[in-house]
Amino acid sequence: MLEQSQKIKQEIQAEKLAFMHYKNELEEHLSSDFRIDQRQIEAFQRTLTEREQIKKLMKKEWNFQDTEDGHINENVPPLKKNARYQMESTLEDVEWLVEHTKEIDSLKPFIKEIMEKRERLENRHFTIALFGAFSAGKSSFANALMGERVLPVSPNPTTAAINKISPPNEEFQHKEVYVHLKSEGELIADITSILGEVAFQNLDEVEKWIHKHKIDKLQIEDQHKTFLHAFYTGLPNLKNKIGSSFKIHFDQFANYVREEQISCFVKEMELYYDCPLTRQHITLVDTPGADSVNARHTELAFSYIKNADAILFVTYYNHPFSRPDKAFLEKLGSVKDAFQLDKMFFIVNAMDLAKDQTEVNLVTDYVKTQLKSFDIHHPRMYPVSSQQALQLKKEGQTTTPSGMKAFESSFYSFITEELTQLSMQSIYTDISRIHALVTKWLELSHSDQTKREAFLAKNENNQAQMHHIIEQRNTSTYFQSIEQKLEKQCFYVMQRFMIQFIDMFRDFISPGSIQSNGRKGKEELVIAIKELNKQINERMKYELEAILIRINAFWNVEWKQWRNEINRQLQKVDSSFSLSELEEMSVEEANLFQKIDLEDKTVQGFAHIFKDTKTFFAQNDRDKLEEELKQVFSKQWQEEFSRIQSALKDHYAQLWIKEDQQVWANYSNEVSTYFENVKKGLTDNFENIELLEKLNQELMNRTNG
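Residues numbered from 1 in each chain as written. Predicted model: local features only at pLDDT ≥ 70, side-chain atom pairs only at ≥ 80, totals over all residues. Heavy atoms only, no water.

Thoughts on the overall build of the protein chain
Threshold: The secondary structure listing takes helices from DSSP runs of H or I that are at least 4 residues long and strands from runs of E that are at least 2 residues long, numbered from the N terminus. Throughout, exposure labels follow a simple rule: accessible area from a 1.4 Å probe, protein chains only, divided by the maximum for the residue type, with under 20% read as buried, over 50% as exposed, and the rest as partly exposed. Two residues form a contact once any of their heavy atoms are found within 4.5 Å. Methods summary: accessible areas were calculated by the Shrake-Rupley approach with a probe of 1.4 Å, and residue burial reflects only the protein chains presented.
Of regular secondary structure, the protein chain possesses 23 helices and 9 strands. Buried residues in the protein chain amount to 50% of all 705 residues. Pairs at least 24 apart in sequence give 84% of the contacts found in the protein chain among residues at least 6 apart. For the protein chain, the computed accessible surface area is about 35100 Å², with 48% contributed by carbon and sulfur atoms.

Notes on helix α6 (residues 184-195)
How we decide: Helices are assigned an expected span. That span is 1.5 Å times one less than the residue count. Note: the arc covers the axis-to-C-beta directions of the helix.
Between its first and last C-alpha, α6 extends 16 Å over 12 residues, near the 16 Å set by a 1.5 Å rise per residue. Within the span of α6, buried status applies to Leu187, Ile188, Asp190, Ile191, Ile194 and Leu195. The buried side chains of α6 occupy one side of the element, clustering within an arc of 155° when seen end-on. Next to the buried residues of α6 lie α7 (203-212) and α8 (222-238).

Considering the environment of Leu692
Examined against the element boundaries, Leu692 turns out to sit in helix α23 (residues 689-704). A relative accessible area of 1% means that Leu692 is categorised as buried. Separated by 250 residues in the primary sequence, Leu692 and Leu442 have C-alpha atoms spaced 7.1 Å apart.

Considerations on the confidence of the model for the protein chain
Keep this limit in mind: A residue's pLDDT is simply how confident the predictor is in it, with values from 0 to 100.
Taken over all residues, the pLDDT of the protein chain has a mean of 82, while the share at 70 or more is 84%. Of the regions scoring below 50 in pLDDT, residues 22-41 engages in 23 contacts with residues more than four places distant in sequence or in other chains. In this model residues 53-82 is a low-confidence stretch, pLDDT under 50, and it forms 65 contacts with partners more than four residues away in sequence or in other chains.

A word on the sheet that holds strand β4 (residues 245-249)
Where we set the bar: One requirement defines pairing of two strands: DSSP has to find at least two bridges between them. For every element, the axis is a line fit to its C-alpha atoms; helices are fit only across the contacting stretch, and the angle between N-to-C directions ranges from 0 to 180 degrees.
With respect to topology, 9 strands assemble into an open sheet ordered β4-β3-β5-β2-β6-β1-β7-β8-β9, the strand pairing being mixed. The sheet terminates laterally at β4 and β9 (380-383), the two strands that pair on one side only. Recorded for the sheet is a direction-independent mean angle of 20° between the axes of neighbouring strands. Of the strand pairs in this sheet, strand β2 (residues 162-166) and strand β5 (residues 266-272) are connected by 5 bridges, and their pairing is parallel. Of the residues in β5, the one forming a bridge with Lys164 is Glu270. Running at roughly 145° to strand β1 (residues 126-132), helix α5 (residues 138-146) makes contact with β1, β2, β6 (282-286), β7 (310-316) and β8 (344-349) of the sheet. Packed on one face of the sheet, helix α13 (residues 357-372) meets β8 and β9 and runs near 150° to β9.

Describing the nonpolar core
Under the convention used in this document: Only buried residues count toward a nonpolar core, which is a set of Ala, Val, Leu, Ile, Met, Phe, Trp, Tyr and Cys residues joined through side-chain atoms within 4.5 Å.
Counting 94 residues, the largest nonpolar core has Leu107, Leu525, Leu629, Leu648 and Tyr652 as its most contacted members. What Tyr652 contacts, discounting residues up to four positions off in sequence, is Phe479, Leu486, Leu548, Ile551, Trp555 and Val587. Core analysis: the second largest hydrophobic core is formed by 69 residues, Leu130, Val179, Leu284 and Val314 among them.

Some remarks on the pattern of salt bridges
Our working definition: A carboxyl oxygen of Asp or Glu within 4 Å of a side-chain nitrogen of Lys or Arg is what we treat as a salt bridge.
Within the structure shown, the criterion is met by 37 salt bridges. Measuring nitrogen to oxygen at the nearest pair gives 3.0 Å for the salt bridge that ties Asp430 to Arg433. Here Asp430 and its partner Arg433 are both found in helix α16 (residues 421-445), 3 residues apart, which amounts to about one turn of the helix. Summarising the burial analysis for this pair, Asp430 and Arg433 share the class buried. A salt bridge links Asp600 to Lys530; its shortest N-O distance comes to 3.4 Å. Here Lys530 lies in helix α19 (residues 518-573) and Asp600 lies in helix α20 (residues 600-607), a separation of 70 residues in the sequence. A residue is classified by how much of its surface remains accessible, and Asp600, at 45% relative accessible area, is partly exposed. Accessibility expressed as a relative area gives 26% for Lys530, which makes it partly exposed. What emerges from the salt-bridge pattern is a single network uniting Glu113, Lys117, Asp430, Arg433 and Glu670.

Examining the packing of helix α17 (residues 449-471) against α19
Put simply, the rule is: Note on terminology: angles under 35 degrees are roughly parallel, angles over 145 are roughly antiparallel, angles of 65 to 115 are roughly perpendicular, and the others are oblique. Each crossing gets its hand from how the near helix is turned against the far one by less than a right angle, where anticlockwise is left-handed and clockwise is right-handed. Residue polarity follows a fixed list, in which Ala, Val, Leu, Ile, Met, Phe, Trp, Tyr, Cys and Pro are nonpolar, Asp, Glu, Lys and Arg are charged, and the others, Gly among them, are polar.
One can describe the packing of α17 onto α19 by two numbers: an axis separation of 9 Å at closest approach and a directional angle of 160°. Here α17 lies roughly antiparallel to α19, going by the angle between them. In the packing of α17 onto α19, the handedness of the crossing is right-handed. Between α17, through Asn462, Gln465, Met466, Ile469 and Ile470, and α19, the contact on the second element is made entirely by Ile566, Gln569, Leu570 and Val573. A class-by-class count of the residues in the contact of α17 with α19 yields 6 nonpolar, 3 polar and no charged.

Re the pairing of β1
Taking burial as the measure, the 7 residues of β1 include 6 buried ones, the bulk of the element. The sheet contact formed by β1 and β6 spans 5 bridges and is parallel. Each bridged residue has a counterpart across the sheet, and for Thr127 the counterpart in β6 is Thr283. Pairing of β1 with β7 involves 5 bridges; the strand directions are parallel. Among the inter-strand pairings, Phe131 is bridged to a residue of β7, identified as Phe313.

Concerning unusual backbone geometry
Not every positive phi belongs to a glycine, and His281 is a case in point at roughly 60°. For Ala350, which is not glycine, the phi torsion reads 65° and is therefore positive. In this fold, Ala350 is placed in the loop between β8 and α13. Judged by relative accessible area, Ala350 falls into the buried class, the value being 8%.

Remarks on the packing of aromatic side chains
Test applied: Whether two aromatic rings pair depends on their centres lying within 6.5 Å, for rings of Phe, Tyr and Trp, where Trp uses its six-membered ring; planes under 30 degrees apart make the pair stacked, over 60 edge-to-face, and the rest tilted.
All told, the structure shown has 41 aromatic pairs when counted by the stated rule. Taking the centre distance of 4.2 Å and the plane angle of 15° together, the rings of Phe497 and Trp637 count as stacked. Here Trp637 lies in helix α22 (residues 621-684) and Phe497 lies in helix α18 (residues 475-508), a separation of 140 residues in the sequence. Classification of Phe497 as buried rests on a relative accessible area of 1%.

Now the structure itself:
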């Protein structure tokens, strides 16, 4: 009976929580729109059906493990198959190998290459990007990670800069800060993005314009007003430093974050700080909140999504995702499957607000459900209390109820083990190549002169065959897969816009943005259409970025499969040979983005449909405008992505030819080097037979263990 009662209580709590989030979302929708007729309901239902169909197509399209082109992804480690490499044992194996091969001159080129890879492995630097809404507690979480209260909180997402926490080095000592101020052009771009169509040639013009206008009377958001006030107040003191970079001491760091008349001029700050986090060769990038209105921050977000080694997304306990959160998570979900590793961690902060573990589970389950709507499934999720974690770390407690230990255990394991698997695999591939050579030399050492001569003759023939295989490779098959992938990606982008436009239109052309009648109402509609146009351009930029990320990932998949295919053919000629592992390629990106802009005359023409709010919203004039704008923007969107597809096809074709020549020239050299070393070993290693036999036995033990 007691268990049943407890179960009922849990179900009631779950319903309460679900209702609370439903209520918040409903209020958000009601604040932007308030009338829906039966025809709109039917259209909405059709849209949902279309969305599900396209979502299924996209999920199929983004799955890089499919075999639609007949290729099989078989990037299996050449040694210790199905094994998980460990950093400590890998470094020990390399150290052992270096020590036990120093008397074998024929192996020195291989050992040199392995030592270089070991050095890169040991000294690899990791970039971790921290994302989240402005009030999610990112700074508190970062402080908990570092174990000290280092990062102050910025009062305004508009003035917030990017803060990096890096390991000290020879140039920058512990607690030194390097500040990069925005250039004149970057500041003008920030202000133009706030004021809209007002154009400025220099900061003097900006200063004069602000002096003439009353900032508080401007029809802009409050946080934008805060930025303009801060800019106007701080300009006289920082005017001579615009665009410069300089060192400051840690004592000044908080002022550059908190004082808005300073922080609005800061582009980026890098704090060099010695702590357990940075001792792992980690740079933590604390980005401005997902609700930052700075266009540059939005562009940087995608850059860090693509290039960061890990992404930490912080959300505040019991807070529904804000609109900027949702926009960011949509970007995250659209490219998640493109990454070889799941590098995303989701942190639910302030778990100490929960009354018990049941409530914690309810909240985390709800967040997981919400993430599914962004195609983020099975997330690594950790409920934590940053404040508790920081306090307990200061007190020296290692076992804490803050949830931080579970996160850190998983996070550091990911950094030190998962991220380095490919690097360690590459080292073991080279060890395998050494083992093959040693085995070949031992085999020859027990042969008579006749067999050796026959072997040398066969070697020359094998070398010629293997060079022929490389020279006659079919370069078109794999690149055709890239072309097909690009074509499909662009097709889905074009299809998605037809659905996405409905949401964008209703976000901007709503009772919240158009509240007046007559001329003023038309002016509000003109502003709303221009804001919609701006959002469409942001969407286009994001879709293009997502395509580039997916093609970059697929590019590497195709290259590795091609390397594996040629390697199989070469091993049919000489089973002891293996090509070195192909390192991750960074595909050169093309800057193809061009804005879609409606002319003022065209926008004014669309605004003529407006008479008053009642006619516009209640009598379907808005629906007529939606259809007209949809046709115009859809046509331009289709034309633009057709142009992008054609340009990218040419761009990738040129890159493929360049990579093709370079990669296979290197691999051809590997073939030549292999046979030269086999031949060289016939004369160089007869005095080292006993050493080779011991080396061979130990290599068998280490690589098969």
